[in-house]
Protein chains: 4
Amino acid sequence: LGVFLLLTVCLCFRLYQLSKAGKLCVPAMNVNDSVTKQKFDNLYCCKESIVDGLKRTTDVMFGGKQVVVCGYGEVGKGCCAALKALGAVVYVTEVDPICALQACMDGFRVIKLSEVIRQVDLVITCTGNKNVVGREHLDRMKNGCIVCNMGHSSTEIELASLRTAELRWERVRPHVDHVIWPDGKRIVLLAEGRLLNLSCSTVPSLVLSITATTQALALIELYSAPEGRYKQDVYLLPKKMDEFVASLHLPTFDAHLTELSDEQAKYLGISKHGPFKPNYYR
Amino acid sequence: LGVFLLLTVCLCFRLYQLSKAGKLCVPAMNVNDSVTKQKFDNLYCCKESIVDGLKRTTDVMFGGKQVVVCGYGEVGKGCCAALKALGAVVYVTEVDPICALQACMDGFRVIKLSEVIRQVDLVITCTGNKNVVGREHLDRMKNGCIVCNMGHSSTEIELASLRTAELRWERVRPHVDHVIWPDGKRIVLLAEGRLLNLSCSTVPSLVLSITATTQALALIELYSAPEGRYKQDVYLLPKKMDEFVASLHLPTFDAHLTELSDEQAKYLGISKHGPFKPNYYR
Amino acid sequence: LGVFLLLTVCLCFRLYQLSKAGKLCVPAMNVNDSVTKQKFDNLYCCKESIVDGLKRTTDVMFGGKQVVVCGYGEVGKGCCAALKALGAVVYVTEVDPICALQACMDGFRVIKLSEVIRQVDLVITCTGNKNVVGREHLDRMKNGCIVCNMGHSSTEIELASLRTAELRWERVRPHVDHVIWPDGKRIVLLAEGRLLNLSCSTVPSLVLSITATTQALALIELYSAPEGRYKQDVYLLPKKMDEFVASLHLPTFDAHLTELSDEQAKYLGISKHGPFKPNYYR
Amino acid sequence: LGVFLLLTVCLCFRLYQLSKAGKLCVPAMNVNDSVTKQKFDNLYCCKESIVDGLKRTTDVMFGGKQVVVCGYGEVGKGCCAALKALGAVVYVTEVDPICALQACMDGFRVIKLSEVIRQVDLVITCTGNKNVVGREHLDRMKNGCIVCNMGHSSTEIELASLRTAELRWERVRPHVDHVIWPDGKRIVLLAEGRLLNLSCSTVPSLVLSITATTQALALIELYSAPEGRYKQDVYLLPKKMDEFVASLHLPTFDAHLTELSDEQAKYLGISKHGPFKPNYYR
């Protein structure tokens, strides 16, 4: 169960490493990469919580602000969409050419952080990586620049580099620190580099419901599966369960699903009751 | 090669059927479901070609129009995003609860076709299915309603049901037919139910370049792979090739990729040169 | 000065009434209808504060929610744009056919409140009118419906009708009341019907700066104008001052204005230094 | 009537010049600045026709393209909104600080043309001015850059500067010329600098209907007004007529207007049947 829970907070790659190394001693289900979890906990939830978290902590106006979002995965996509819609000018950094090309097509300039760091009002990390924003970037930010992390744990901003003698820290309200340079420049650091969405905004009940349902179904499946269905490996949630989680949440939107006719199901070569897509479909 | 080409026109599920039935006699690569193909040929291209195709054929104004889009896969997502952005009120029909829930979260009412068929100005099919719009729907559409297909082949609209004695057809310009009911009601049918994006709009050179590159790389891989790498089965394009296709197209957008440091690559447990994501990542 | 300040809180029509009735005893400047005030205090500020105010009070997720916005003036336009962008399905009510037609073209269904009141999750008033949401509407809302006011003063929701014996009020957190019907239905009333943007969200410093600058310039103009320039009437802020207020705020966005050449100014028949538009231009 | 028609094609400032100079010898109505005309003919129509015109002439893909729009009036606002929605990165040039600040708040970088001219894929003029794009800009554009005019007449692009011996013109399809520099660089010039929306796209019937209704009502008003109501001056269309034009077009969207109660009309100090807004309201 411990292992299982880890998976929901985007650390599933650790499990795949364990599995590869032959060190995984129980079956594990990668709930994080189920479609509903990915889309709701990451894309849709972060789309709203970036706005919520920034407003509650800084009261910043988004219109006209220049923002750089590091990482264009599901979380980055959500952050970019919300900020663009509210009138910000958004830049994206990426290491993965596929995500970078998507950012281009969605209307974002893809640049290296150093190219825009002097001009931006906001820096948001969503990479799942470490030291994405380093001291060399922090030194070049302009006065008043807001820095926060939407990615994972607290590794994305190189915090240690800010805990030095020449920089002064001032807590201005809960979760908001001013880090003050010798020349008086202030950087607004949120949640000490921990996750903004968990620290400074709330998670809507719908998202919790979807994530919890997914986890519960995965546990039930692991527990009740016939001997041998799952080995000491990492599994994706079976598509049909993923679809079931989604279907349980449709009534809250008064959404009416269309049913396949027998003829249509036959044409598509699938059951009328799903799964409707191959397992790799997102 | 014949088999291979089929895959790029969204018919890959036929191949999986063959494979399941043990009837696939060559290795096949499902190029259609590579990320770059899916996103560019389906999502990004259709987002633009629905607008283009409708304007060229009908000169319709989108602002204020009520539209129903059948299917919220990549093609449907692209059509909905473009039409919503240009001021249309968009409804969605879906059979798959995961896609339906995504439509909800993106701000579209999910309904059954029969619920809105009397009021809409435009019906667009993007399901990959057959007889999604049947005679019972066509009978209830209002005068002037435009009907078109963005999905696959020409099965989505039940054309045969319109080839009857009591309905009169009038060709008003290339690719545009008025089907006229005995009471004078006219339905505007585009491209005789064939693909609007192929019949009535152009495919941007960028999209062609991406699709062609993907196909060429897949062919080279199939041809030059060591004996035994590919069996008589259906394969997804290796992630690294998918990423390579994307990276070849970044310079056209003056996009600058960030490179992982050695330390970061180690932290993520991946190579600095990719692949950057698991194969199922979209 | 008292009179003058009133104008900035959208009550300028009272002044025009006084003026028409010959009862205005000082010159007055309608700062509320200057372009910068209208756009920033009303459109741009409300676009963000509707999101902010709702999140802080209710933690509601916007994706998929059905919302009715009463009134499509600047405030309504801002609210609708933000909520649509964050994935809500938005309906609009209007009394003015011009604003109604704009709502249509921007992709919103224009309906009477009674047509959607049973199905919506959120009701937002932005009319400047009174009793827009009456007891007959409140009685028909569904359980959990959120009701708030972004318009003016506290007249838009018929509060008195909720202060009756059969309804129970429960304060669940500051600015949030549950009004409980005998059958257990709960309506979530924000700020007791007062302005959500002033009660439950903050006003960004940029907006305050623009409004304060406009007011200060208007006061200086009224004070220093030569005898006889302003009579006992209501005036719009001279266009040139409006433009000056805007120009003072451009550097914060690193925006670079283009200068007219002599030849271009002559062609347009205006001064190189403005005013650039006729006074009625918005 | 001749004078009157001029007003509808954005040349009303000429009339105001005549009027100021005491040379206007008939009453004239500035139909161009009625709200319905401004919004429909300029904002909403151009929002769609920029997309339509560019697709029909060049088949360009918008996703990821860098675009500069010169002028952020109603036409510029429409063009920017459409292109941003379809995934372009849009820059704006402006001479008027109010419009410039609006562009900032809507998420567009406001720059001087020379700052971005080397990097953009598309240049669109919407200023109503002359020589906005001069030879010095054209010389610095990159190969393949598309240049077009959405503003007024054909003055915005300095065409004369391209009719010189060292540049070669090649007509590649109707309305599309390649202007070829000695080094082989090609600029794609649309409609020889004339209005793209009139030359290369169609005007939707709804827009024509609104404009024609507005003109017809203005003519009727001028013709049937009692002696002395209109002097040799320029007038805006009376608000009530503007509202009437809008109301005539609501049924096509199945839009349902709300009626003011007697009590509400009294509270607002207006008639139940309008006009609902002061004349300067847009």
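Scoring rules and cut-offs
- Residues numbered from 1 in each chain as written.
- Chains lettered and ligands numbered in written order.
- Predicted model: local features only at pLDDT ≥ 70, side-chain atom pairs only at ≥ 80, totals over all residues.
- Heavy atoms only, no water.
- Least-squares fit on C-alpha atoms with pLDDT ≥ 70 in both.
- UniProt positions renumbered as here; feature names shortened; annotations may be inferred.
- Helix = DSSP H or I, 4+ residues; strand = E, 2+ residues; numbered from the N terminus.
- Buried < 20%, exposed > 50% of the residue type's maximum accessible area, 1.4 Å probe, protein only.
- Pairing = 2+ DSSP bridges.
- Polar contact = N/O pair within 3.5 Å; in protein donor to acceptor, adjacent residues only side chain to side chain.
- Contact = heavy atoms within 4.5 Å.
- Buried area = accessible area lost by both parts, 1.4 Å probe.
- Salt bridge = Lys/Arg side-chain N within 4 Å of Asp/Glu carboxyl O.
- Nonpolar A, V, L, I, M, F, W, Y, C, P; charged D, E, K, R; others polar.

Draft legend 1. Spatial organisation of the relation of the copies chain D and chain A. Least-squares fitting of chain D to chain A yields an RMSD of 0.0 Å, with the transformation described by 0.0 Å of translation along the axis and a rotation of 180 degrees. What the superposition gives is, in effect, a two-fold axis relating one chain to the other.

Draft legend 2. Layout of the UniProt feature "domain: S-adenosyl-L-homocysteine hydrolase NAD binding" (unreviewed entry) in chain A. Mapped onto the present numbering, the UniProt feature "domain: S-adenosyl-L-homocysteine hydrolase NAD binding" (unreviewed entry) falls on residues 42–203 of chain A. Across residues 42–203 of chain A one finds 32% helix and 22% strand; the C-alpha atoms that close the span lie 11 Å apart.

Draft legend 3. Expanded view of the pairing of strand β8 (residues 176–180) of chain D. Residues and elements named next belong to chain D. β8 sits mainly inside the fold: five of its five residues count as buried. Every second residue of β8 is oriented toward a common face, with V176, H178 and I180 on one face and D177 and V179 on the other, all of them buried. Relative to β8, strand β7 (residues 168–173) is paired through five bridges, and the arrangement is antiparallel. Residue pairing in the sheet places W169 in a bridge with V179 of β8. Taken together, the five bridges between β8 and strand β9 (residues 186–190) define a ladder with antiparallel strand orientation. Looking across to β9, one finds that H178 is bridged to V188.

Draft legend 4. Summary view of the sheet that holds strand β5 (residues 122–125) of chain C. All names here are of chain C. Pairing is mixed in the open sheet, where eight strands are placed in the order β4-β3-β2-β5-β6-β9-β8-β7. Looking along the sheet, the strands with just one partner apiece sit at the ends: β4 (109–110) and β7 (168–173). With five bridges connecting them, strand β2 (residues 66–70) and strand β3 (residues 89–93) associate as parallel partners. Bridge pairing links V69 to V92 in β3.

Draft legend 5. View of the sheet that holds strand β9 (residues 186–190) of chain A. Residue and element names in this part refer to chain A. Spatially, eight strands are ordered β4-β3-β2-β5-β6-β9-β8-β7 in an open sheet, and the strand pairing comes out mixed. If you trace the sheet from one side to the other, it starts and ends with β4 (109–110) and β7 (168–173), each paired once. Where strand β6 (residues 146–149) meets β9, two bridges bridge the pair, whose relative direction is parallel. Looking at β9, one finds that I146 is bridged to V188.

Draft legend 6. The arrangement of the side chain of Q38 of chain A in detail. Inspection of the secondary structure assignment puts Q38 of chain A in helix α3 (residues 35–58). Looking at Q38 of chain A, its side chain comes within polar contact range of the main-chain oxygen of N32 of chain A, at 3.3 Å.

Draft legend 7. The arrangement of the interface of chain D and chain A in detail. Contacts between the two partners involve 16 residues from chain D and, on the opposite side, 16 residues from chain A. Taken together, the two surfaces of chain D and chain A that pack against each other cover about 1000 Å², and 60% of this comes from carbon and sulfur. Ranking the residues of chain D by area buried against chain A places K84, M105 and R109 of chain D at the top, with a combined share of 44%. Our count for the contact surface shared by chain D and chain A stands at zero salt bridges. Applying the counting rule to chain D against chain A returns nine residue pairs in polar contact (both at pLDDT 80 or more). Among the residues making up the side of chain D that touches chain A, the classes are represented as seven nonpolar, six polar and three charged.

Draft legend 8. Spotlight on unusual backbone geometry. In this chain, G274 of chain B is followed by P275 of chain B through a cis amide linkage whose omega measures 0 degrees. With respect to the element layout, P275 of chain B can be found in the segment after α11 (262–268). The backbone phi angle of A191 of chain A is positive, close to 55 degrees, even though this residue is not glycine. Given a relative accessible area of 1%, A191 of chain A falls into the buried group. Although it is not a glycine, S153 of chain B adopts a positive phi angle of roughly 35 degrees. Inspection of the secondary structure puts S153 of chain B in the loop between β6 (146–149) and β7 (168–173).

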